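Spelled out from the first residue to the last, the chains are:
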Amino acid sequence: IKPNTSSIKQFIPGQHIVIQVRVNDLWIERPYTVSDILEDGTLRVTIKREPKGFFSNWLFEQGSNPIEVTVTQPQGEFVLQEESKTPVLCFAGGIGITPFAAQTKHIHTQKRVHIIYCALKQSDFVFIDEFNQITQAHPSITIDFRSNEDAGLLSEPEIINLINKFADEEIYICGPEGFEKLVSTSLEHINYDKNKIHVEKFTHAGAPH
C-alpha cells in the first residue's frame, strides 16, 4: 500500500492499519498488521486467502490490478520496548507472524528475542528467507519454525517449558483465537505476571454483515 498523501504518521513496527474498500455495492473494512515498511514509505500488509473470506477472495481475484483503498493511520500498542533489556518470547500462530516480521526487521538493539512460529504445515510458513536474513544479521534474534504435522499440537507443558528457558521475559502473543487462548491460559496456570503479557487479537474475516 503506497499512501498518496504525506499525512501518514510515523509507523511503529507491530502496529496495524484498517483498510476500507468498496466491493460492488458494499463497503468492506478489515484490520491488517503492517508486516514491513519500505524506504519509499510503502506499507506492506500480508494477507492470507481464507476459504470463507469475502474480502481476501475478492482481493486475490483482482490479480495485479491497482486498487485504490482508504486506510487509517497506523495504530495499536503491540510494539516491542527496545529500550528495555528484558528478553522477549513471542508466540506466533499462522498469519499472526506478521507483527513479528516487522518488529525484528527494524530492531536496532541487541535485545534478546525468540519467536515460536506455529503453523499447521511446513508449507504454511511465510517470511522464511526474511527471518533467515534477520537472524544472521542479529544473533540475539532466534526463531523456531514449528508445524503441527511434524511436532503435533502445541501443548501447555511445552509452552511452560519454553517459558522456563528464559529469565522473566516479556511475552507477546499473536494468532487465531484458539492459539491465543492456549498460550494465555497456560500463563494463567503458572501465575505469570500479567504486566509482562502482550496480546494482539487476531481477527478472522468472513463474509460481510
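A quick note: this is a predicted structure, and the numbers were derived from the prediction, not measured.

S.K.: Residues and numbers for the overall build of the protein, please.
M.R.: The helix and strand tally for the protein stands at 6 helices and 9 strands. Relative to its length of 209 residues, the protein is compact, with a C-alpha radius of gyration of 18 Å against a globular reference of 17 Å. By its C-alpha atoms, the protein is 50 × 35 × 30 Å across when sized along the principal axes. Across the 209 residues of the protein, 42% fall into the buried class. In the protein, once contacts between residues fewer than 6 apart in sequence are set aside, the share between residues at least 24 apart is 71%. Put simply, the protein has 19 plus and 27 minus side-chain charges, and the middle of one group is 1 Å from the middle of the other.

S.K.: Any details on the sheet that holds strand β3 (residues 43–45)? Residues and values, ideally.
M.R.: Hydrogen bonds between backbone groups are what pair the strands of a sheet, and the pairing can be parallel or antiparallel. Strand order in the open sheet made by the 4 strands is β3-β2-β1-β4, with antiparallel pairing throughout. Looking at the sheet topology across the chains shown, the edges are occupied by β3 and β4 (70–71). Note that strand β2 (residues 26–37) and β3 share 3 bridges and pair antiparallel. Bridging across to β3, Ile 37 finds its partner in Leu 43.

S.K.: Before we move on, can you summarise helix α1 (residues 54–61) with the specific residues and values?
M.R.: The periodicity of an α-helix, 3.6 residues per turn, causes residues three or four places apart in sequence to face the same way. Here α1 has its buried residues at Phe 55, Ser 56, Asn 57 and Trp 58. For α1, the elements touching its buried residues are β1 (16–23) and β2. After α1 finishes, the residue Gly 63 shows a positive phi value of roughly 65°.

S.K.: Got a sec to walk through the sheet that holds strand β8 (residues 170–175)? Specific residues and values, please.
M.R.: In space, the 5 strands of this open sheet follow the order β7-β6-β5-β8-β9, with parallel pairing throughout. Two strands in the sheet have a free side with no partner beyond their single neighbour: β7 (141–147) and β9 (197–201). Mean inter-strand twist for the sheet, computed between neighbouring axes without regard to direction, equals 15°. Bridge analysis of strand β6 (residues 113–119) against β7 gives 7 bridges, and the strand direction is parallel. Note that in β7 the partner of Tyr 117 across the bridge is Phe 145. Packed on one face of the sheet, helix α5 (residues 156–164) meets β5 (88–93), β6, β7 and β8 and runs near 155° to β5. Each of β5, β6, β8 and β9 touches helix α6 (residues 177–189); the most contacted strand, β8, lies at about 155° to it.

Thresholds applied
Residues numbered from 1 in each chain as written. Predicted model: local features only at pLDDT ≥ 70, side-chain atom pairs only at ≥ 80, totals over all residues. Heavy atoms only, no water. Helix = DSSP H or I, 4+ residues; strand = E, 2+ residues; numbered from the N terminus. Rg over C-alpha atoms; globule rule 2.2 N^0.38 Å. Buried < 20%, exposed > 50% of the residue type's maximum accessible area, 1.4 Å probe, protein only. Contact = heavy atoms within 4.5 Å. Lys, Arg positive; Asp, Glu negative; His and termini not counted. Charge placed at Lys NZ, Arg CZ, Asp CG, Glu CD. Pairing = 2+ DSSP bridges. Axes fitted to C-alpha atoms, helices over the stretch in contact; angles between N-to-C directions.

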